[in-house]
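Coordinates in review
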Number of protein chains: 4
Amino acid sequence: MDLKFKSTVDVTQVQLMGGDHMVVAAAKVATTGTDAMAFANVTSDDNFGLINYLMKHRHGTPFEHGAVTFFVHAPIFVWREWHRHRIGFSYNEESGRYKQLEPCFYLPDRERPMMKVDGWKPGRPKFVRCEDDRTFQVLCDGLKRSYTEAYRIYEENLFLNVDPGLARDCLPVGVYSGCWVTCNPRSLMAFLSLRTCEPEAAKFVSYPLWEIELAARACEKIFAEAYPLTYRAWQENGRVAP
Amino acid sequence: MDLKFKSTVDVTQVQLMGGDHMVVAAAKVATTGTDAMAFANVTSDDNFGLINYLMKHRHGTPFEHGAVTFFVHAPIFVWREWHRHRIGFSYNEESGRYKQLEPCFYLPDRERPMMKVDGWKPGRPKFVRCEDDRTFQVLCDGLKRSYTEAYRIYEENLFLNVDPGLARDCLPVGVYSGCWVTCNPRSLMAFLSLRTCEPEAAKFVSYPLWEIELAARACEKIFAEAYPLTYRAWQENGRVAP
Amino acid sequence: MDLKFKSTVDVTQVQLMGGDHMVVAAAKVATTGTDAMAFANVTSDDNFGLINYLMKHRHGTPFEHGAVTFFVHAPIFVWREWHRHRIGFSYNEESGRYKQLEPCFYLPDRERPMMKVDGWKPGRPKFVRCEDDRTFQVLCDGLKRSYTEAYRIYEENLFLNVDPGLARDCLPVGVYSGCWVTCNPRSLMAFLSLRTCEPEAAKFVSYPLWEIELAARACEKIFAEAYPLTYRAWQENGRVAP
Amino acid sequence: MDLKFKSTVDVTQVQLMGGDHMVVAAAKVATTGTDAMAFANVTSDDNFGLINYLMKHRHGTPFEHGAVTFFVHAPIFVWREWHRHRIGFSYNEESGRYKQLEPCFYLPDRERPMMKVDGWKPGRPKFVRCEDDRTFQVLCDGLKRSYTEAYRIYEENLFLNVDPGLARDCLPVGVYSGCWVTCNPRSLMAFLSLRTCEPEAAKFVSYPLWEIELAARACEKIFAEAYPLTYRAWQENGRVAP
């Protein structure tokens, strides 16, 4: 089968529940009791004040009464990190035990920062663009060659009619896999805080892997549209998940 | 302030996401990869077979890609139990620290089973209707008297201008409180399994408090309408949360 | 039965697992793989540097490989708040359905800050000591009277032989209840951050109810002894749960 | 670097908290209140009755007041499944971003069931031993060849001095990785129920991947020794996690 190479992570919004008004309605129950129900239908820019207050003081629970489902196509090494987000996240992923995985593999985009800079150290890795074309070419050629050989042997293994869950052991973590992801605004903010690098805006700066940041950036865009006031408050308060 | 007495638990559905089709779409990703996205829009009775299979074999995660938000008005002794459901449940409740709680209190309905039967024991409490009118009257009169006195002193305490979070310490667990509840179909099934008593239908029979069962029954009705095939499969497979 | 009044929250440490060395061992696996096992037995002050680094940059997971179990005796209004901590917390509590609750009730200590100060507002409640003896006396007398009447009617209800889970509806939230609490260092720090008020030390200041702060302070003391370097790092980094 | 091949999953118990007595003590608080503390130190075979009752009726929370930490060495395709257990599980794993992964790879043992049997279908995969030596040899040779080529290119990539988190994209899911795992008896039972195949003993039969069952079997052995009465009750009640 012909191999396909990709440099992107595809995030599609499939369904959505809630919005800024539900954050307000959820918070208002503390001070208004059953009257809070009335806020569940009121969309207003006036809501920003309360949302900003909740965000600043880290009152987190009002941000849980929403939900969003994504379908995501990403390399396994991205899933390895994403699946470590346990709370407020639900997943269902393509299975190498039940189907033949597609020959779709990750290759870095030419602009992907990848060369270590001085002062690089574990925990705070920083990289710059590779200016040497040849280095980039050697890297990509190597990955392609390895991917190709791995997929060829994978298909040979499948042809032996053995357990597909064993045949796939040679497949690289660079192979793509599809997965459903459902989360709520609060768990999404926790994810975005840890998986985007914003040295200027973030109170607690993270140094995520480039490729999961691609995914996070796509999610962030959807988040900003679905919950605009919540997004603005999160951004203005240092991108700290409440 | 005049006291109000209620015997019900009010559950209002406020928002909903997902449906039986999303259960199918979530499960299908294992065997079809990115093609699973197509199932996210297909509503069909044919979906029952797969949903039933997932339920029977306790494949639980496909039931997490949905959400429902309720507004619930219930006595504090019901919240004391409900809030113990930690996973897949989000709450925001009325606060005795930030507002005066309403003088609305729980009294049992005349039909509420309450007399111990022979063989009663902790863990499996069973009760029958109180056939003696006087016993029922004494109980209700006592509760009313106690509620009234407690609320009177509560208002006196508030009048002293002390911390409302201290003034309310005399309020009984029978006082009503409003709360937002958001959960997903899987966490909802776990709740329903534990908080309804179905000796004939349930593989694992629970003996919940009557009043939380009132709440659970109202949620079950909403669940059955929102996710009819999931509900049917859950019911036919012994009401075991997958 | 004679009523008992208490002003304390009793927290007893029952079992403990892990320590600062396990935080280090857990973190070291990222950079040393299987060699990390060796760190599981090394207690050293040198560990502070790494622990401090993890805390500062909010690498939270290494703080989950420990556990502590408390037995806690607290009023129900404290449990109402504590049980809202869902993640990394396990609870088993005394049941009003299965036993007669003891006539033990909460009364504020004379020093308990309780008078509203100017600028009081929901979300950031501040109180000062009640300097007026009479106000304090009226409050305590009212609570005692209400508690006494409620417990008397509770016993009458029990005497009717009705469901104990119904008989107790008049019991106030000021009644004490015993509960097992198990958590890990990370979830404990999240609890302490939200349930102690430290305007000078905390990056995100919380304004908890006085009585849950009593509980939190007792837990904090145990935490400081069990995981001294972790505690110091948490304190020095603004008491933000990683 | 020379490659190493393994067919095992290594599970080492590093620390442990609790025991059968804590299950009993946790449960007893419901019926005895503060007296339950006394049970925290009593080890007795008499405890089996209560533990069995809790297990049979799926009272799950008393099984959460314990903890165990494992250090596990397993292939990445095992971690891919294990890490999907979100609740009551904590993980810290070796990182391909911060260290060079060891050239240690998984090869199936000669006895590993791997040939599809008639009636094989997704969701309930069954396999038998491969009786054809040549098939087994072809599979192992292919895996070895692919692993070797992948690791060679991985080292070339590292030599280019690019981001190690990019260099490793060609590494196969058959490469080993070390990870700390902490869980409690309840979450461990949920894991064991889903990751072992016991058609005769289990009420809900699972069909896990062979290699994660290797891990689960090692955990089960440790579990049986640490919490013998709990283990026996779990086994006798159909291996259903309470």
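Just so it is clear, the structure is predicted and the values come from calculations on it, not from any experiment.

A separate point is the pattern of salt bridges. The tally for this structure, following the rule as stated, stands at 88 salt bridges over all chains. For E236 of chain D, the salt bridge identified is with R232 of chain D, shortest N-O distance 3.1 Å. Here E236 of chain D pairs with R232 of chain D, and both are found in helix α8 (residues 228–236), just 4 residues apart, close to one helical turn. A cluster of three or more residues bridged by salt bridges with shared partners is formed by E198, E213, R217, E220 and R239 of chain A.

Attention now goes to a nonpolar patch on the surface. A grouping of I87 of chain A, I87 of chain B, I87 of chain C together with I87 of chain D is seen on the molecular surface, where their side chains present a nonpolar patch of about 300 Å² in accessible area. Along the chain, I87 of chain A falls in the loop between α3 (76–82) and β4 (89–93). A relative accessible area of 38% places I87 of chain A in the partly exposed class.

If you rotate chain D by 180° and push it 0.0 Å along the axis, it lands on chain A with an RMSD of 0.0 Å. Such a turn and shift between the copies fits a two-fold axis. In terms of C-alpha distance to the rotation axis, chain D has P172 of chain D as its closest residue, with the C-alpha 1.9 Å off the axis. Both copies share a contact surface, since 100% of the interface residues of chain D are interface residues in chain A too.

It is worth spelling out the interface of chain B and chain D at this point. Of the residues lining the interface, 18 residues belong to chain B; the matching set on chain D comes to 18 residues. When the two sides are added together, the surface that chain B and chain D hide from each other amounts to roughly 1,500 Å², 52% of it contributed by carbon and sulfur. For E64 of chain D, the salt bridge identified is with R86 of chain B, shortest N-O distance 2.8 Å. Here chain B is connected to chain D by 2 residue pairs in polar contact (both at pLDDT 80 or more). Elements represented by at least two residues in the side of chain B that touches chain D include exactly α2 (48–56) and α6 (185–195) of chain B. Of the residues assigned to the side of chain B that touches chain D, the class counts are 6 nonpolar, 5 polar and 7 charged.

In this section: the interface of chain D and chain A. Interface size is commonly expressed as the accessible area that is lost once the parts come together. Tallying the contact residues gives 58 residues for chain D and 58 residues for chain A. Interface area, chain D with chain A, both sides summed: about 5,100 Å², of which 57% is carbon and sulfur. For chain D, the biggest contributors to the area lost against chain A are R80, R86 and R97 of chain D; these three give 14% of the whole. The interface formed by chain D and chain A includes 6 salt bridges. Where R84 of chain A meets E93 of chain D, a salt bridge forms, and the shortest distance between an N and an O atom there is 3.4 Å. In this structure, the connection of chain D to chain A is made through 20 residue pairs in polar contact (both at pLDDT 80 or more). For the side of chain D that touches chain A, the secondary structure elements donating two or more residues are α3 (76–82), β4 (89–93), β6 (115–116), α4 (133–159) and α5 (164–167) of chain D. Counting residues per element, the side of chain D that touches chain A draws most heavily on α4 of chain D, at 13 residues. Looking at side-chain class alone, the side of chain D that touches chain A contains 31 nonpolar, 12 polar and 15 charged residues.

Right, let's get into the nonpolar core. The biggest cluster of nonpolar side chains holds 134 residues, and the ones touching the most others in it are F70 and W82 of chain A together with F70 and W82 of chain D. The contacts of W82 of chain A, once residues within four sequence positions are left out, are V72, F89, Y91, V181, F191, I212, A215 and C219 of chain A. Formed by 133 residues, the second largest nonpolar core is a distinct cluster that contains L188 and I222 of chain B together with F48 and I51 of chain C.

This brings us to unusual backbone geometry. Residue and element names in this part refer to chain A. The backbone phi angle of R239 is positive, close to 55°, even though this residue is not glycine. In this structure, R239 sits in the segment after α8 (228–236). When its relative accessible area of 4% is taken as the criterion, R239 is described as buried.

The subject of this paragraph is the environment of V162 of chain B. Here V162 of chain B lies in the loop between α4 (133–159) and α5 (164–167). Among the residues examined, V162 of chain B registers a relative accessible area of 1% and is labelled buried. Apart from residues lying up to four places away in sequence, V162 of chain B is in contact with N157 and A167 of chain B together with M114, M115, K116, T135 and L139 of chain C.

Taken as a whole, this structure holds 8 cavities of 30 Å³ or more when the rule is applied. Of the pockets and cavities examined, the largest cavity occupies roughly 40 Å³. Lining the largest cavity are W79, R80 and H83 of chain B together with W79, R80 and H83 of chain C. At the level of secondary structure, the elements contributing two or more residues to the lining of the largest cavity comprise α3 (76–82) of chain B together with α3 (76–82) of chain C. Per-class residue counts for the lining of the largest cavity are 2 nonpolar, 2 polar and 2 charged.

Rules and cut-offs
Residues numbered from 1 in each chain as written. Chains lettered and ligands numbered in written order. Predicted model: local features only at pLDDT ≥ 70, side-chain atom pairs only at ≥ 80, totals over all residues. Heavy atoms only, no water. Salt bridge = Lys/Arg side-chain N within 4 Å of Asp/Glu carboxyl O. Helix = DSSP H or I, 4+ residues; strand = E, 2+ residues; numbered from the N terminus. Patch = residues over 30% accessible without salt bridge, like charges linked within 9 Å, V, L, I, M, F, W, Y side chains within 5 Å. Areas by Shrake-Rupley, 256 points an atom, 1.4 Å probe, with all protein chains shown as cover. Buried < 20%, exposed > 50% of the residue type's maximum accessible area, 1.4 Å probe, protein only. Least-squares fit on C-alpha atoms with pLDDT ≥ 70 in both. Contact = heavy atoms within 4.5 Å. Buried area = accessible area lost by both parts, 1.4 Å probe. Polar contact = N/O pair within 3.5 Å; in protein donor to acceptor, adjacent residues only side chain to side chain. Nonpolar A, V, L, I, M, F, W, Y, C, P; charged D, E, K, R; others polar. Core = buried A, V, L, I, M, F, W, Y, C linked by side-chain atoms within 4.5 Å. 1 Å grid on protein atoms, 1.4 Å probe; cavity = no way out; pocket = protein on both sides within 12 Å on 5 of 7 lines; lining within 4 Å. Points joined across faces, edges and corners; volume = space filled by probe spheres on them.

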